[in-house]
Amino acid sequence: MAMESVIGLAYAMCRTLVMAPQKRMYLLGKGGKNQRNHFSFVDFFPIEEMAKEHKGLNIISMKEYLETRAMTGKLRNAITGEVEFPPGNRTDWDGIDGKDYDVLRGYLRNVSETATWNPGQCLPAFPSSGDHKDVEVLQKLVESARRSLPGGTPVKVDDPNPLGRLEETLAGRRDLCVYDERMQNLPIIHFQCNHKKKLRMLVHFYAFLFFENWKEDLWMKRFIRDHVHYVDEIQCAAARLVKTIRDHARKRDPNNPNGDFDAFHIRRGDFQFKATRIGADEIYENSKDELTPNSTVFIATDERDKKFFDPLRAHYDLLFLDDFKDELNGVNTNYYGMIDQLVASKGR
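Heads up: these notes are all about the structure in this document. (Residues numbered from 1 in each chain as written. Predicted model: local features only at pLDDT ≥ 70, side-chain atom pairs only at ≥ 80, totals over all residues. Heavy atoms only, no water.)

### What to know about the overall build of the protein chain
Along the protein chain, the regular secondary structure elements total twelve helices and ten strands. Dimensions along the principal axes, computed over C-alpha positions, put the protein chain at roughly 70 × 55 × 40 Å. Burial status across the protein chain gives 42% buried among its 348 residues. Of the contacts formed within the protein chain by residues at least 6 apart in sequence, a portion of 69% connects residues at least 24 apart. Approximately 19,800 Å² of the protein chain is accessible, and the part contributed by carbon and sulfur atoms is 49%. Taken together, the 51 basic and 52 acidic charged side chains of the protein chain have centroids lying 3 Å from each other. (Helix = DSSP H or I, 4+ residues; strand = E, 2+ residues; numbered from the N terminus. Buried < 20%, exposed > 50% of the residue type's maximum accessible area, 1.4 Å probe, protein only. Contact = heavy atoms within 4.5 Å. Areas by Shrake-Rupley, 256 points an atom, 1.4 Å probe, with all protein chains shown as cover. Lys, Arg positive; Asp, Glu negative; His and termini not counted. Charge placed at Lys NZ, Arg CZ, Asp CG, Glu CD.)

Printed below as a string of structure tokens:
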């Protein structure tokens with residue numbers, strides 16, 4: 001989600017996006033020395049291809065940014081105004097650990113304007129142009145907008161009046177974070193991840209970015225839909241699994257010529273909402289009216305003890321990612337969660 005929002009912000013602001021260096025990401029450090037376990041987002045998404053295909057999207061690595069901007073004296077401390085070079089004059093931060101990453105983040109915050117846009121409190125809004133009148137239009141709109149999610153018929157996406165779309169998108173938020181003239185004139189804007197300040201882009205881009213012009217809004221949604229996807233290695237591995245599952249489902253049921261299967265995402269480990277961590281018997285009771293007895297069901301899950309799913313196995317033909325070791329031979333195991341997601345998305 002965060003990557004989609006970041007790419008959307010960079011495109012909307014017509015700014016160069018600087019990619020973070022390769023590091024160990026949360027829950028993606030498996031394999032020790034046997035496989036790669038330091039990543040950047042370019043390892044998951046076709047970032048370079050997107051930039052080549054779209055002139056309005058310029059993306060560079062952190063190394064290139066530090067070499068061309070920092071080491072040439074173009075970055076200054078936001079408080080003192082003095083030129084500030086990277087810690088130790090280091091420009092290559094790929095493969096860093098958590099401590100080094102904190103050092104780099106501290107430097108970037110020193111030499112950048114940090115945008116304090118909290119997704120839970122404000123809605124980043126982009127005027128139709130850089131004219132101050134359009135900025136004023138947005139600021140006045142939020143004053144008259146209802147601050148609760150409206151019911152009834154959804155607002156038409158091509159309504160030239162942005163008020164209805166704004167009311168829908170605010171969804172209880174009180175303020176707009178307007179990309180105004182001051183921000184437009186800033187040479188560098190840094191969007192930090194700071195849990196203490198609740199600055200974290202863990203939000204869907206379509207519920208986070210608002211455009212006064214409805215055409216720009218639709219264009220951004222289509223751009224993210226069509227271009228922000230996993231790299232071929234991940235997509236192709238998932239496609240091989242989907243084909244195998246469909247062949248399996250067809251073989252089990254001659255009346256299923258398309259090889260249709262159902263899918264669950266059952267999260268069991270790192271789970272924020274404890275009250276919704278329910279047992280498999282309850283999952284069965286909640287879903288049985290939607291499924292066909294004895295049908296093929298794929299379960300994307302982080303639960304290692306597959307006996308947990310016995311209440312479901314009593315009624316369905318269950319399949320898991322673990323059942324497809326041959327199809328996944330040679331694939332980095334840190335990609336498994338993404339492959340799980342793609343396979344489950346193909347369930348009916």
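### Comments concerning the sheet that holds strand β10 (residues 317-319)
Spatially, β8-β9-β10 is the arrangement adopted by the three strands of the open sheet, whose pairing is parallel. What marks the edges here is a single partner per strand, and that holds for β8 (262-266) and β10. Adjacent strand axes in the sheet meet at a mean angle of 30 degrees when their direction is disregarded. Note: β8 against strand β9 (residues 296-301), five bridges, orientation parallel. Along β9, the bridge assignment pairs Ala-263 with Phe-298. The strands that helix α12 (residues 336-345) touches are β8 and β9; relative to β9, the one it contacts most, it runs at about 150 degrees. (Pairing = 2+ DSSP bridges. Axes fitted to C-alpha atoms, helices over the stretch in contact; angles between N-to-C directions.)

### A few points about the nonpolar core
Ranked by size, the top nonpolar core spans 58 residues in total, and within it Ile-7, Phe-44, Ile-234, Phe-298 and Ile-339 carry the most contacts. Breaking this core down by element, the ones donating at least two residues are α1 (2-13), β1 (16-19), α2 (47-53), β4 (122-126), α8 (214-227), α9 (232-252), β9 and α12. (Core = buried A, V, L, I, M, F, W, Y, C linked by side-chain atoms within 4.5 Å.)

### Looking at the sheet that holds strand β5 (residues 175-178)
Spatial ordering of the open sheet is given by β5-β4-β7, a layout of three strands whose pairing is parallel. Among the strands making up the open sheet, the edge pair consists of β5 and β7 (210-211). Taken together, the four bridges between β4 and β5 define a ladder with parallel strand orientation. Looking across to β5, one finds that Pro-124 is bridged to Cys-177.

### Thoughts on unusual backbone geometry
Unusually for a residue other than glycine, Cys-14 sits at a positive phi of about 55 degrees. When you line up the elements, Cys-14 lands in the loop between α1 and β1. With phi around 70 degrees, Asn-294 is a residue other than glycine that occupies positive phi space.

### Focus: the packing of helix α3 (residues 62-70) against helix α4 (residues 98-110)
Interaxial distance between α3 and α4 falls to 14 Å at its minimum, and their mutual angle equals 45 degrees. With respect to α4, the axis of α3 lies oblique. Note on packing geometry: the crossing formed by α3 with α4 is left-handed. Here Met-62, Tyr-65, Leu-66 and Ala-70 of α3 come into contact with α4, specifically with Leu-104, Tyr-107 and Leu-108. Partitioned by chemical class, the residues of the contact of α3 with α4 number seven nonpolar, no polar and no charged. (Parallel < 35°, antiparallel > 145°, perpendicular 65-115°, else oblique. Left-handed = near helix turned anticlockwise from the far one by under 90°. Nonpolar A, V, L, I, M, F, W, Y, C, P; charged D, E, K, R; others polar.)

### Some details on a nonpolar patch on the surface
Taken together, the side chains of Met-71, Val-83 and Phe-85 make up a nonpolar region of the molecular surface, amounting to roughly 220 Å² of accessible area. As for its position among the elements, Val-83 is in the loop between α3 and α4. (Patch = residues over 30% accessible without salt bridge, like charges linked within 9 Å, V, L, I, M, F, W, Y side chains within 5 Å. Salt bridge = Lys/Arg side-chain N within 4 Å of Asp/Glu carboxyl O.)

### Overview of the pattern of salt bridges
Side chains bearing opposite charge may pair, as long as their charged atoms lie close to each other. On inspection of all chains with the given rule, the structure shows 16 salt bridges. Linking Asp-226 and Arg-225 is a salt bridge whose minimum nitrogen-to-oxygen distance equals 2.8 Å. Judged by its relative accessible area of 40%, Asp-226 falls in the partly exposed class. Among the ionic pairs, Asp-310 bridges to Arg-313, the shortest N-O distance being 2.5 Å. Taken together, the residues span about one helical turn, with Asp-310 and Arg-313 both in helix α11 (residues 310-313) at a distance of three residues. Classification of Asp-310 by relative accessible area gives partly exposed; the value is 39%.

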